[in-house]
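# Structure assessment
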Amino acid sequence: MSLTVTQFKKDFKKRLHEKYAIEVEDASNVEWYGALGSLVKAYYSKSLRKTHKQYIEEETKQAYYFSIEFLPGKMLKSNLLNLGILDVVRDGLKSMSIELEDVMEAEPDMALGNGGLGRLASCFMDSAASCALPVHGNGIRYDYGLFKQRFVDGYQVELPDSWLQGGNPWEVRRENKAVEVRMGGTIALVPDNSGNLIPRYYNAKVLRAIPYDTHMVGYENGVVNNLRLWSVEIPVTEEGNYLTLEERQEVENITAVLYPDDSNYDGRQLRLKQEYFFVSAGLQSIVNYYLRSGQAIEELPEKVAVHINDTHPAMCVPELMRILLDEAHLSWEKAWNITVKVMSYTNHTLMAEALEKWPTQMVEEIVPRIYQIIQEIDRRFVADVSEQVGCDIANRTRIIQNDHVHMAHLAIIGSHSTNGVAKIHSDLLKNVVLHDFYLLYPERFNNKTNGIAERRWLQLSNEELSGVLDETIGKTWRKDPGALKLLEAYRKDKKVLKKIAQAKQHNKKNLAAFIKQEYDIEVSSDAIFDVQIKRLHAYKRQLLNLLHIVKLYLDLKENPDRHEQARVFIFGAKAAPSYDYAKTIIKCINEVAAMVNHDPDIKGKLKIAFLPNYNVSLAEKIIPAADVSEQISLASKEASGTSNMKLMLNGAVTLATLDGANIEIKDAVGEENIVIFGLTTEEVYQYYRNNNYNAREIYENDPTIHRVLNAFIDGTIPNISREGQEIFDSLVKYNDEYFTLRDFNDYVKGQETIAAAYQDTERWGEMCLMNIANAGRFSADQTVERYAEDIWHIEAVATEE
């Protein structure tokens, strides 16, 4: 959009007067933010109306991305960038003695996700709008999100994240789009005058689903899509509401927190209610919108695509069947044909325990009509497959097994497409994890390697490096991330390498100042900043990182004067509230940090900073400052990873196993610009086949590993008598599930390679440049365009460019 500084100042002052009846100089950061957010929303309102009208008039086929998580981060700066007015607004505020960064601090992170799954969904929303693709999000408007993480005596403590307390200027409550969602009760199928069986609900709980729309602004193209988030309310009837306080709380809990504790039955029930709630509300909303256009329900696949992001929204399949059968009164065959054409599914895990399955009794109790439909889908599937290929494969792939509903099976059977999110992940799905389904539906399986929105992860979070790129290769890369490849021509240019290094050093100094101010940890920006930021999970092997740190510490204690490259190890990770082992690892990292950071013998050569409450805003501070990207999951366990892409985009060198998208990063940057270590997937599966891994033998025969593990149980590391023993036992007594000890020495060698390369300034600079230059391959823009063409069959609309 076109905007001058003069016009912006006039608009801003007017909005501040209207909203708060206050002068600029008397307002607080919160009031500046409220006024600016409201003004920005007004700036894109014309584009929003135009986009919506265009979709209707052109009868555009639209895709709807269902995800239980979205992790947008702060929206203000992103919207300013995408509208093309970031510099104008920054200059206008500065002329009124206001720093944009101060205003941004007043904006809370939208607490709608946890990790890679939610951030991927948000990157896709940004990319879809920026690529002018008609794609909208559908999720839950959590009152408190996941949790705010704090450390108390080294332990993770979970606090509520009241992110909505001050309001959310980006959302619009759509009261007139509310729908009703039924749960519980019993169902009777009663024939009508035409002989159709019509469900009758008895004693069902009716919930009111209220949509809140947050608009996704495309990058300088006038396209604005929608992220619809659902909040639960208790409907008011003519008879009034006669719910007890406990019953009201039970309803409100449905959209209270992301991922309620599922270690007990009540928690699992709540999770299932959440999943059906947003699936039912979203699909009703989509079908209502479609029917208002006057088109026949039979033509739904020509105008609507629904994407199931992981298994949480898998009930999209039976819920659309319910709508088509019970409300549109289609035959089963017609309804099923429509459903399969509309639905597509992304699998995000190779781990069996992460593929959701629910007790049949629970499903029948909470969503009885949906359970009836799942039973019929299952019955017809088994009959059909048994006839085609025999009972064995039918029984292995059926939806209902051992009194559980397998949600991944439901999603695959009810969709026309199933994709993995990295080449190796998709290959393992086809050849191992979902092999039987691949034999049944080979044409449905495909790969879509994940991507990231470079606008947020470079243009917004690393303005220093972005400026260097503009000077060096021009600005084409800002709209076409593939143009970053132009940077390769400068790999031997000492001036360019120096500018990139200066940008990195600037970011490291900023992060060091932040760590000192917020956590009172003194770190040197001349040290290697070694970063591992992701969910805390055993397979991601934060523990491997920790064992190496303990080795370095013991080596320095033994010889304080030894030459050792100074390092700062930075962690960011939350553990699920019920995941005790992950919490044990957090405690151990924090106690090792306390020991190392305060030991004068180490002479500052080693520091650890575990930054609590890792979220998008914290990532935006850490990633531009990272020298080393830790991607050290056990090969065959990580579906893709996206922190690996964000870190390489910002010039970090990847230390990685051949897992997930690390393999494709290696192919992109070349073996000389990444450090690979550890078992391969084939070697991991060989251990599984032969059942011959012996962690105790490694412990007993390797003096380095012996010494490091003993530090956890002999008092060397203080305050972890219970936790240290648990770590030791998990590795030695219970045979090291994720082969941490097997990969340890190779990991140490990888770290030594990193340290040596870092000391060769030109060599390190070239490695950084080559990572930046090849990061365009992992743009979410390209990923979403592949989804659009291959799976959703939607096309970009004309834009204002």
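Reading the values: rules and limits
- Residues numbered from 1 in each chain as written.
- Predicted model: local features only at pLDDT ≥ 70, side-chain atom pairs only at ≥ 80, totals over all residues.
- Heavy atoms only, no water.
- UniProt positions renumbered as here; feature names shortened; annotations may be inferred.
- Helix = DSSP H or I, 4+ residues; strand = E, 2+ residues; numbered from the N terminus.
- Rg over C-alpha atoms; globule rule 2.2 N^0.38 Å.
- Buried < 20%, exposed > 50% of the residue type's maximum accessible area, 1.4 Å probe, protein only.
- Contact = heavy atoms within 4.5 Å.
- Areas by Shrake-Rupley, 256 points an atom, 1.4 Å probe, with all protein chains shown as cover.
- Lys, Arg positive; Asp, Glu negative; His and termini not counted.
- Charge placed at Lys NZ, Arg CZ, Asp CG, Glu CD.
- Core = buried A, V, L, I, M, F, W, Y, C linked by side-chain atoms within 4.5 Å.
- Domains from an automatic or database assignment.
- Pairing = 2+ DSSP bridges.
- Axes fitted to C-alpha atoms, helices over the stretch in contact; angles between N-to-C directions.
- Salt bridge = Lys/Arg side-chain N within 4 Å of Asp/Glu carboxyl O.
- Nonpolar A, V, L, I, M, F, W, Y, C, P; charged D, E, K, R; others polar.

The protein has the name Alpha-1,4 glucan phosphorylase in an unreviewed UniProt entry, where Enterococcus canis is given as its organism. Of the comments in the UniProt record for the protein, the one headed Catalytic activity (unreviewed entry) reads "[(1->4)-alpha-D-glucosyl](n) + phosphate = [(1->4)-alpha-D-glucosyl](n-1) + alpha-D-glucose 1-phosphate".

### A closer look at the overall build of the protein
From N to C terminus, the protein includes 32 helices and 23 strands. Relative to its length of 801 residues, the protein is compact, with a C-alpha radius of gyration of 27 Å against a globular reference of 28 Å. Its C-alpha atoms put the protein at 90 × 70 × 55 Å along the principal axes. Relative to its full complement of 801 residues, the protein shows a buried share of 62%. Within the protein, contacts between residues separated by at least 24 positions form 76% of all contacts whose residues are at least 6 apart in sequence. By element, 47% of the accessible surface of the protein is carried by carbon and sulfur atoms, the whole surface being about 31,300 Å². Charge-centre separation for the protein: the mean point of 91 positive side chains lies 3 Å from the mean point of 115 negative side chains.

### Digging into the UniProt feature "modified residue: N6-(pyridoxal phosphate)lysine" (unreviewed entry) in the protein
Following the UniProt record, the feature "modified residue: N6-(pyridoxal phosphate)lysine" (unreviewed entry) maps to K646 here. Tracing the backbone through its elements, the reader meets K646 in helix α24 (residues 643-649). A residue is classified by how much of its surface remains accessible, and K646, at 7% relative accessible area, is buried. Once you skip the residues sitting within four places of it in the chain, K646 turns out to touch R119, I452, W457 and I623.

### Thoughts on the nonpolar core
Within the largest apolar cluster, 208 residues are counted, with the highest numbers of intra-cluster contacts made by F8, F12, L36, L76, L93, L283 and W792. Counting residues per element, this core draws most heavily on helix α8 (residues 265-292), at 11 residues. Built from parts of two domains, this core gets at least three residues from each of domain 1 (59-74 + 109-450 + 784-791) and domain 2 (454-778). Contact partners of F12, with chain neighbours within four places excluded, come to V24, W32, A35, L36, L39, L93, M96 and I98.

### Concerning the sheet that holds strand β15 (residues 404-406)
In space, the three strands of this open sheet follow the order β13-β15-β14, with antiparallel pairing throughout. For this open sheet the edge positions go to β13 (357-359) and β14 (400-401), each flanked by a neighbour on one side alone. The pairing of β14 with β15 spans two bridges and is classified as antiparallel. Paired with Q401 across the two strands is H404, which belongs to β15.

### Looking at the sheet that holds strand β23 (residues 675-676)
Strand order in the open sheet formed by six strands is β20-β19-β18-β21-β22-β23, and the pairing between neighbours is parallel. The outermost strands of the open sheet, each flanked by one partner alone, are β20 (606-610) and β23. As paired elements, strand β19 (residues 567-572) and β20 share five bridges and run parallel to each other. What sits directly across from I570, in β20, is A609. Its contacts with the sheet place helix α21 (residues 542-558) against β18 (528-533), β19, β20 and β21 (628-631), and it is angled at close to 155° to β19. Contacting β21 and β22 (653-656), helix α31 (residues 761-773) runs over the sheet at an angle of about 85° to β22.

### Considerations on the pattern of salt bridges
For the structure on display, the rule yields 60 salt bridges. The salt bridge involving K205 is made with E250; its shortest N-O contact spans 3.8 Å. On the criterion of sequence distance, the pair formed by K205 in strand β9 (residues 205-217) and E250 in helix α7 (residues 245-252) is long-range, its members being 45 residues apart. Looking at E250, the relative accessible area reads 35%, which means it is partly exposed. Put simply, K603 and D561 hold a salt bridge, and the shortest N to O gap is 2.7 Å. Taken together, the positions of K603 in the loop between α22 (580-597) and β20 and D561 in the loop between α21 and β19 put the pair 42 residues apart, joining distant regions of the chain. The residues K603 and D561 share a single accessibility class, namely exposed.

### Concerning the domain arrangement of the protein
The domain architecture assigned to the protein consists of domain 1 (59-74 + 109-450 + 784-791) and domain 2 (454-778). Computed from C-alpha coordinates alone, the two centres of domain 1 and domain 2 are separated by 34 Å. Contacts between domain 1 and domain 2 engage 43 residues on the former and 47 residues on the latter. In this structure, the connection of domain 1 to domain 2 is made through three salt bridges. We note a salt bridge from E158 to K583, for which the minimum N-O separation is 2.8 Å. Secondary-structure elements contributing two or more residues to the side of domain 1 that touches domain 2 are α6 (116-130), β3 (148-152), β4 (155-159) and α16 (423-433). Its residues assigned to classes, the side of domain 1 that touches domain 2 shows 16 nonpolar, 14 polar and 13 charged.

### Quick look at the environment of L270
Take L270: it is sitting in helix α8. Owing to a relative accessible area of 16%, L270 belongs among the buried residues under this scheme. Separated by 11 residues in the primary sequence, L270 and Y259 have C-alpha atoms spaced 9.0 Å apart. If sequence neighbours within four positions are ignored, L270 has contacts with N253, I254 and P260.

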